[in-house]
Amino acid sequence: RYQVKYRRRREGKTDYRQRKRLCAQDKNKYQSPKYRLVVRFTNKQVICQIAYALVDGDRILAQATSKELPRYGLKVGLKNYAAAYCTGLLVARRVLQKLGLDDVYEGNTEVDGEVVSTEYDKKMYFVEEVDDDKRPFRCFLDVGCKATTTGNRIFGALKGAADGGIDVPHSEKRFPGYDRDAKEYDADMHRERIFGGHVGEYMEYLDEEDNQKYQEHFASYIAADVAPDSLEELYESVHEAIREDPKPSEKSQFSPDKSFKRKAKITLDERKARVQAKKDAKNAELEAEDDE
């Protein structure tokens, strides 16, 4: 007997095998929610959410998008690796502030690309230091249907959240700079990605090789007066600004435009009269052509 798959599986939106393992909690933890760091990319932005599942649907504890980054000084390149890192950092600082853990777990303030982990009470935590009274906030990366290739932007958001003070289990094997054959990890290469080094290199290369394409491709960077050699300073200032104030901006009151008025619907007689007028005009036009 053929069984129809779930709607979101048919649409290619949800991997239920993965979701079951991310949502199912250990029985001895009773009703404690299992938190997920959900990372999604659209055509224009990065979305990071801290979510947990209930029987009637998911609940969002905190969320951040890269559309908020202009508030912190980053106005261009809102979905590259560096922007994903900033968004991950923002959601981490935001959720820790909400839970009152932002002072206890400040995260990694000096970005070096290294994986930070600590063993405490025979358990591994992915933070610099574990507090005796309050354990770090743990969540698991939810990649959705994305392919988890080495150097994927998803892992930029993960690194940002980990450096923001959240305990997200991970290793260096999917970060940029990891060589699978040599089994070696180049943390400096990863650091360069976090600060947009790869974007700066391409900007310089394109400026030398094809200036017209450079003007078109990086038009928003040129308009915002962002030079290739100033990217690292820009991202450093964004990281500092996020740490200073990770709160979401206040919602602005929506005021609809009341000046617009929909046209009144015409009656049946008016519609018939309009059609007759068009017919008369066409007949008159044809008669004039015949007379000529």
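So, a few notes on the structure that sits alongside this text. It should be emphasised that the depicted structure is a prediction, and the values quoted were computed from it without experimental measurement. (Residues numbered from 1 in each chain as written. Predicted model: local features only at pLDDT ≥ 70, side-chain atom pairs only at ≥ 80, totals over all residues. Heavy atoms only, no water.)

### Observations regarding the overall build of the protein
When you go through the protein residue by residue, the secondary structure sums to 10 helices and 8 strands. Relative to its length of 292 residues, the protein is extended, with a C-alpha radius of gyration of 27 Å against a globular reference of 19 Å. Considered along the principal axes of its C-alpha atoms, the protein spans approximately 100 × 60 × 50 Å. Residues counted as buried form 36% of the 292 residues belonging to the protein. Within the protein, residue pairs in contact and separated by at least 24 positions form 61% of the contacts whose partners lie at least 6 positions apart. Carbon and sulfur atoms provide 46% of the accessible area of the protein, an area that totals close to 19,500 Å². When the 54 positive and 55 negative side-chain charges of the protein are each reduced to one mean point, those points stand 13 Å apart. (Helix = DSSP H or I, 4+ residues; strand = E, 2+ residues; numbered from the N terminus. Rg over C-alpha atoms; globule rule 2.2 N^0.38 Å. Buried < 20%, exposed > 50% of the residue type's maximum accessible area, 1.4 Å probe, protein only. Contact = heavy atoms within 4.5 Å. Areas by Shrake-Rupley, 256 points an atom, 1.4 Å probe, with all protein chains shown as cover. Lys, Arg positive; Asp, Glu negative; His and termini not counted. Charge placed at Lys NZ, Arg CZ, Asp CG, Glu CD.)

### Side note on the environment of Glu233
Following the sequence through the fold, Glu233 ends up in helix 9 (residues 231–244). For Glu233, a relative accessible area of 59% translates into the label exposed. Along the sequence, Glu233 and Phe195 sit 38 residues apart, while their C-alpha atoms lie 8.3 Å from each other.

### Regarding the sheet that holds strand 3 (residues 57–65)
Strand order in the open sheet formed by 4 strands is 3-2-1-6, and the pairing between neighbours is mixed. Because the sheet does not close on itself, it has two edges, and the strands there are strand 3 and strand 6 (140–142). Each neighbouring strand pair of the sheet contributes to a mean axis angle of 30°, computed without reference to strand direction. Direction of pairing for strand 1 (residues 36–41) relative to strand 6: parallel, over a ladder of 3 bridges. The residue bridging Leu37 from the neighbouring strand is Leu141, located in strand 6. Packing of helix 2 (residues 16–23) onto the sheet brings it into contact with strand 1, strand 2 (46–54), strand 3 and strand 6, and relative to strand 6 it is tilted by some 160°. (Pairing = 2+ DSSP bridges. Axes fitted to C-alpha atoms, helices over the stretch in contact; angles between N-to-C directions.)

### Points about the pattern of salt bridges
According to the stated counting rule, one finds 13 salt bridges in the structure shown. One salt bridge in this structure joins Arg36 and Asp58, with 2.8 Å as the shortest N-O distance. Placement of Arg36 in strand 1 and of Asp58 in strand 3 is noted, with a sequence separation of 22 residues between them. The exposure class assigned to Arg36 is buried, which follows from its relative accessible area of 4%. Asp56 is the salt-bridge partner of Arg59, the closest N and O atoms lying 2.9 Å from each other. A residue is classified by how much of its surface remains accessible, and Arg59, at 29% relative accessible area, is partly exposed. (Salt bridge = Lys/Arg side-chain N within 4 Å of Asp/Glu carboxyl O.)

### A closer look at the environment of Arg40
Note on placement: Arg40 falls in strand 1. The class of Arg40 is partly exposed, set by a relative accessible area of 32%. When the C-alpha atoms of Arg40 and Asp181 are compared, they prove to be 29 Å apart, with 141 residues separating the residues in sequence. Contact partners of Arg40, with chain neighbours within four places excluded, come to Gln45, Val46, Ile47, Asp142, Val143 and Gly144. A polar contact of 3.1 Å, which involves the side chain of Arg40, links it to the backbone oxygen of Asp142. (Polar contact = N/O pair within 3.5 Å; in protein donor to acceptor, adjacent residues only side chain to side chain.)

None of the figures reported here should be taken as evidence of function without further support.
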